[in-house]
Amino acid sequence: MKKIFSAFLSISLCLTGMSFAAVDVSASETKPVIIAFGDSLTAAGVWVNNLNIKFGLDIINKGIGGNNTNDAKARFNTDVLSKNPDIVIICFGMNDSAKDMTKHVEINTYKNNLRYFINSLKDKGTKVILSTPNYIDETKYYTRHDSEVFASAGGAQAYIDTYCQVIRDIAEEQDVYLVDVREACKAYTDRNLLLTDGVHCTNLGYSIYSNLIGEQLTDIYLGDINLDGKITSTDYLMLKRHFLGTYVIPQTKITFADINGDGSIKSSDYLMLKRYFLGTLNIR
Ligand SMILES: [Ca+2]
Ligand SMILES: [Ca+2]
């Protein structure tokens with residue numbers, strides 16, 4: 001409430017100030033530092049590129065094939081923390097759960113590694129999005145993995161599921177964003193459409209990641225049209241001027257200005273942002 005009141009105060013001052021018309025809203029457009037931190041499913045780059053194109057972002061791809069969370073921990077400071085990110089998207093688990101391989105990371109260590117990433121990022125005020133990995137095709141998976149090692153766990157799919165459940169539990173425990181790609185895969189009866197070698201994805205498979213993460217980014221930046229991490233009078237002016245036809249919000253940012261999510265910018269969006277500043281509407 002305090003936040004909303006101070007935002008109201010700032011817009012009130014702006015509305016009564018002489019410099020109102022002089023504010024160059026286009027100069028305020030920024031690109032947040034977003035890092036995709038993961039294994040080969042991230043390194044492939046498809047979902048990262050999809051998001052960069054859709055939202056006009058420069059998401060830094062810090063995916064490395066074959067990485068488990070122990071490998072990731074060793075490069076976490078260099079690849080992630082040192083870049084002072086606004087948002088980090090974390091997707092590990094496919095290698096950690098490879099029970100028959102040297103890359104296998106025991107589930108409690110995996111859990112603590114995720115906690116370590118999240119706590120370190122939260123300390124810096126960085127937002128975290130956790131993603132579960134996609135479904136696998138067991139038949140193809142067993143051409144490279146020893147099926148007998150997974151037998152006592154009910155198969156590789158079930159074993160990987162236990163790691164995915166850790167991601168869901170940690171997201172709730174740590175109150176960070178969750179993107180459940182694995183759950184979304186269930187909607188596809190023909191998983192061959194999603195997978196190439198039983199683990200890695202087709203473009204359709206990777207689009208599940210980009211669509212779900214895109215929804216999360218939209219939620220995070222709704223109303224924050226210049227993506228500077230806060231909703232201020234500048235965002236309000238951008239929307240108002242777009243509505244009045246004196247400024248054009250870039251197509252890649254329209255989704256952040258479409259406050260009611262109906263697919264277009266109308267007076268209702270401008271009025272909703274106005275009500276947000278007046279403290280009578282919570283838009284997130
Ligand atoms: Ca803003
Ligand atoms: Ca709208």
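Here the structure is shown first, and the text comes after it.
Note that the coordinates shown come from a computational prediction; the quantities given were computed from them, not determined experimentally.

Criteria and thresholds
- Residues numbered from 1 in each chain as written.
- Chains lettered and ligands numbered in written order.
- Predicted model: local features only at pLDDT ≥ 70, side-chain atom pairs only at ≥ 80, totals over all residues.
- Heavy atoms only, no water.
- Buried < 20%, exposed > 50% of the residue type's maximum accessible area, 1.4 Å probe, protein only.
- Helix = DSSP H or I, 4+ residues; strand = E, 2+ residues; numbered from the N terminus.
- Pairing = 2+ DSSP bridges.
- Right-handed = clockwise from strand over helix to strand, strands pointing away.
- Donors = N, O, S within 2.8 Å, 3.2 Å for Na, K, Ca; no water.
- Tetrahedral: all angles 85-135°; square planar, octahedral: opposite > 155°, others 65-115°.

### Quick word on the pairing of strand β3 (residues 87-91)
The buried fraction of β3 is high, at five of five residues. The side-chain alternation of β3 yields two buried faces, one formed by I87, I89 and C91 and the other by V88 and I90. Judged from the five bridges that link them, strand β1 (residues 34-38) and β3 form a sheet pairing that is parallel. Residue pairing in the sheet places G38 in a bridge with C91 of β3. Alignment of β3 against strand β4 (residues 127-131), held across four bridges, turns out to be parallel. Note on β4: the bridge partner recorded for I87 is K127. Since β3 and β4 lie parallel, the crossover through helix α5 (residues 107-123) that links them has a hand, and here it is right-handed.

### Quick notes on the coordination of the calcium ion (ligand 1)
Only D224 (OD), N226 (OD1), D228 (OD), K230 (O), D235 (OD) and D235 (OD) from the protein coordinate the calcium ion (ligand 1), and they sit 2.2 to 2.7 Å from it. Bound by six donor atoms, the calcium ion (ligand 1) shows angles of 51 to 162° at the metal and therefore irregular coordination geometry. Of note, the calcium ion (ligand 1) draws all its donor residues from one chain, in the sequence arrangement D-x1-N-x1-D-x1-K-x4-D. In terms of burial, N226 and D235 fall into one category: buried.

### A closer look at the coordination of the calcium ion (ligand 2)
In the first shell of the calcium ion (ligand 2), the protein supplies D258 (OD), N260 (OD1), D262 (OD), S264 (O), D269 (OD) and D269 (OD), at 2.2 to 2.6 Å from the metal. Coordination at the calcium ion (ligand 2) is irregular, judged from the six donor atoms that bind it and the angles of 52 to 164° they form at the metal. Along the chain, the residues donating to the calcium ion (ligand 2) fall in the pattern D-x1-N-x1-D-x1-S-x4-D. Take D258: its relative accessible area is 8%, and that puts it in the buried class. In this structure N260 comes out as partly exposed when scored by relative accessible area, which is 33%.

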